[in-house]
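# Chains, contacts and geometry: an overview
Chain by chain, the residues run as shown.
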Amino acid sequence: MANLVAIVGRPNVGKSTLFNRLTQTRHAIVSDTAGTTRDRQYGKCQWNGREFSVVDTGGWVVKSDDIFEDAIRKQVLVATEEADLVLFLVDTETGVTDWDEDVAMILRRTKLPVLLVANKVDNSGESYQAAEFYKLGLGDPVCISAATGGGTGDLLDLLLERLKDAPDETVDQDIPRFAVVGRPNAGKSSIINAFIGEDRNIVTEIAGTTRDSIYTRYNKFGFDFYLVDTAGIRRKNKVTEDLEFYSVMRSIRSIENSDVCILMLDATRGIEAQDMNIFQLIQRNNKSLVVVVNKWDLVEDKNQKVIDTFENAIRKRMAPFVDFPIIFASALTKQRIFKVLETAKEVYQNRKRHIGTTKLNEVMLPIIEATPPQSVKGKYIKIKYCSQLPNTQIPSFVFYANLPQYVKEQYRRFLENKIRENWNLHGCPINVFVRQK
Ligand code: GDP
Ligand code: GDP
């Protein structure tokens, strides 16, 4: 199970600088699609062979003055509920502020590990200034300079020491893990109830223990599956429920621990930035996808044209990944609920698909011969052979070429499309690599 670390702190203490430094340890997927700027607030960090996710809470604050501080305070609350460890960043240049004291009070009450981090200690002479943070009651501050990287290695060592290994739950590897995700009020709880019935006993809701078991196994309508983090979805927190940040933190946990994400959209609202943010989390984690356009009962004019328009709009926003199912359903009337589970299972099977090398070459080589990669600088590019790599997270194909560096992205996409045309990989991200033979 993945670990989640949240960076909290006032504006300008250096949260995003620290975030960038931590996540630089791993190549970030940069996307220039509109609405992806918040991508920068979620990333992965690798240190000493361990990996965890990092969230910069600064990215989700609404910039309106009167509710600003309150909003950040709520985010700190969410962080203490949803993260596995909190990095509380303070600024040595400004010293302790009232707000720091407020936040420290919240953090002192939590059972989570909290690391107090004094930033902007750019040279060792400045570390004496950090001593005043001791009075926040969160132990000795760890001195760093996010800007230069000073002290961040020690910080990471300490962080891994404090970060308990999340319990590795034994799940049956052959049974799909589905996560139901989507923005607040999209209908997540409703569809889960539709899947499993209103049986309150299925999910034991004991405060504080919800995180201990993230998977619940069900056998319904002839399908055997795990639902990820159902308890979390059912346990709603009135203070924070409507915060986008809350839904993001929830989504990260569910998405990271699933095979297939069932992304709930609200038919009455269309697709908005919040939906896109969750979609991007799904993509960043290479998870398979089923889109459910929920509340279909509320749409009056349900003709094919309306359906097509909806579908096109969704795929256009999510391009270039377009090969995924979209189901128009209603959690309320239970219309097509069975179809959603059936499709999620199919998508899971596609994810596990392995195409034999002989068959793959039989189909792909003639296609490549008919439409070879463009020659570059008079050099002829030849793809001789391809195969699917064994034991990968998602289906991954390698094409061996004499001059792989000259094969353009566009051609790689062409190969991907041809694979998708010939085999059912609906709903699954795939990798297509071109390598030197
Ligand atoms: P955030 O609002 O908490 O995300 O803060 P930023 O990461 O945007 O940083 C705010 C300002 O502090 C920027 O001008 C940074 O360049 C600066 N800053 C961040 N870390 C350090 C540091 O370690 N030392 C110094 N001197 N400045 C820093
Ligand atoms: P969540 O926040 O994503 O878990 O959303 P909920 O399941 O709590 O649903 C939010 C609201 O939308 C509730 O009032 C539900 O009754 C309503 N709702 C959910 N699904 C449907 C649906 O398919 N049709 C209609 N008409 N209402 C729905």
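In case you missed it, the structure is sitting above this.
On a predicted model such as this, the values are computed, not experimentally measured, just so you know. (Residues numbered from 1 in each chain as written. Chains lettered and ligands numbered in written order. Predicted model: local features only at pLDDT ≥ 70, side-chain atom pairs only at ≥ 80, totals over all residues. Heavy atoms only, no water.)

### What about the overall build of the protein chain?
What the protein chain contains, in helices and strands, is 13 helices and 15 strands. When each of the 437 residues of the protein chain is scored for burial, the buried share is 53%. Split by element, the accessible area of the protein chain, about 20600 Å² in all, is 48% carbon and sulfur. (Helix = DSSP H or I, 4+ residues; strand = E, 2+ residues; numbered from the N terminus. Buried < 20%, exposed > 50% of the residue type's maximum accessible area, 1.4 Å probe, protein only. Areas by Shrake-Rupley, 256 points an atom, 1.4 Å probe, with all protein chains shown as cover.)

### Re the site of ligand 1
Within the structure, ligand 1 sits among 15 residues, and Asn12, Lys15, Ser16, Thr17 and Asp122 are positioned closest to it. At 2.8 Å from an oxygen atom of ligand 1 is found a main-chain nitrogen or oxygen belonging to Lys15. Ser16 places a main-chain nitrogen or oxygen 2.8 Å from an oxygen atom of ligand 1. Protein burial of ligand 1: of its 580 Å² of free accessible surface, 68% is covered by the chains. Considering each element in turn, the shell around ligand 1 owes the most residues, three residues, to helix H1 (residues 15–23). (Near = heavy atom within 4 Å. Polar contact = N/O pair within 3.5 Å; in protein donor to acceptor, adjacent residues only side chain to side chain.)

### Concerning the pairing of strand E11 (residues 288–294)
The side chains of a regular strand alternate between the sheet's two faces. Summarising burial for E11: seven of the seven residues are buried, a large majority. Of the two faces of E11, both are covered, the one formed by Ser288, Val290, Val292 and Asn294 as well as the one formed by Leu289, Val291 and Val293. In this sheet, E11 lies alongside strand E10 (residues 260–266) in parallel orientation, the contact comprising seven bridges. Note on E11: the bridge partner recorded for Asp266 is Asn294. Handedness of the crossover joining E10 and E11 through helix H9 (residues 273–284) is recorded here as right-handed. (Pairing = 2+ DSSP bridges. Right-handed = clockwise from strand over helix to strand, strands pointing away.)

### Focus: the site of ligand 2
Residues in close proximity to ligand 2 total 16 residues, the closest being Asn185, Lys188, Ser189, Ser190 and Asp297. A distance of 3.3 Å separates an oxygen atom of ligand 2 from a polar backbone atom of Ala186. Within the backbone of Ala331, an N or O atom sits 2.9 Å from an oxygen atom of ligand 2. In the complex, 77% of the free accessible area of ligand 2, which totals 580 Å², lies under the protein chains. By residue number, the principal contributor to the shell around ligand 2 is helix H6 (residues 188–196), which donates three residues. For the shell around ligand 2, the residue count by class is five nonpolar, six polar and five charged. (Nonpolar A, V, L, I, M, F, W, Y, C, P; charged D, E, K, R; others polar.)

### A closer look at the sheet that holds strand E14 (residues 396–401)
The pairing of strands in a sheet happens through backbone hydrogen bonds and is either parallel or antiparallel. Strand order in the open sheet formed by three strands is E13-E14-E15, with mixed pairing between adjacent strands. In the strand order of this sheet, the two ends are held by strand E13 (383–388) and strand E15 (431–436), each with one partner. The mean inter-strand angle of the sheet, taken between neighbouring strand axes irrespective of direction, is 20°. The sheet contacts of helix H12 (residues 357–370) involve E13 and E14, and relative to E13 the element is tilted by about 140°. Across the sheet, helix H13 (residues 409–422) touches E13, E14 and E15, and the angle it forms with E15 is around 125°. (Axes fitted to C-alpha atoms, helices over the stretch in contact; angles between N-to-C directions. Contact = heavy atoms within 4.5 Å.)

### Quick word on the nonpolar core
By size, the foremost hydrophobic cluster in this structure holds 64 residues, and its most contacted members are Phe88, Leu107, Leu263, Leu289, Ile314 and Met318. Here this core gets six residues from one element, more than from any other, and that element is helix H8 (residues 244–256). The residues that make up this core include at least three from each of domain 1 (3–162) and domain 2 (177–352). Grouped together as the second largest cluster of nonpolar side chains are 28 residues, Phe225, Met264, Val290 and Val340 included. (Core = buried A, V, L, I, M, F, W, Y, C linked by side-chain atoms within 4.5 Å. Domains from an automatic or database assignment.)

### A short note on unusual backbone geometry
With an omega of 10°, the peptide bond between Ala319 and Pro320 qualifies as cis. Inspection of the secondary structure assignment puts Pro320 in the loop between helix H10 (304–318) and strand E12 (326–328). Backbone geometry at Lys120 places phi at a positive 65°, although glycine is not the residue there. Inspection of the secondary structure assignment puts Lys120 in the loop between strand E5 (114–119) and helix H4 (127–130). The phi dihedral of Lys377 is positive, around 50°, even though this residue is not glycine. Along the chain, Lys377 turns up in the loop between H12 and E13. You can call Lys377 exposed: its relative accessible area is 69%.

### Examining H10
Because each turn of an α-helix spans 3.6 residues, side chains separated by three or four positions in sequence point in the same direction. An ideal rise of 1.5 Å per residue puts 21 Å on 15 residues; H10 measures up with 21 Å between its terminal C-alpha atoms. All of the buried residues in H10 are Ile307, Phe310, Ile314 and Met318. Within H10, the buried residues cover an arc of 65° as seen down the axis, which keeps them to one side. Across H10 from its buried face, at more than 90 degrees, point the exposed residues Lys305, Asn312 and Lys316. On its buried face, H10 is in contact with E10, H9, E11 and E12. (Expected span 1.5 Å × (residues − 1). Arc of directions from axis to C-beta.)

### Remarks on H13
In a regular helix each residue adds 1.5 Å, so 14 residues correspond to 20 Å; H13 covers 20 Å between its end C-alpha atoms and thus fits that length. Taken together, the buried positions of H13 are Tyr411, Leu415, Glu416, Ile419 and Arg420. Its buried side turned inward, H13 meets H12, E13, E14 and E15.

### Regarding the packing of H6 against helix H11 (residues 337–351)
Packing of H6 against H11 leaves a shortest axis separation of 10 Å and a crossing angle of 90°. Comparing the axis directions of H6 and H11 gives the class roughly perpendicular. For the pair H6 and H11, the contacting residues are Ile191, Ala194 and Phe195 in the first and Ile337, Val340 and Leu341 in the second. Its residues placed into classes, the contact of H6 with H11 shows six nonpolar, no polar and no charged. (Parallel < 35°, antiparallel > 145°, perpendicular 65-115°, else oblique.)

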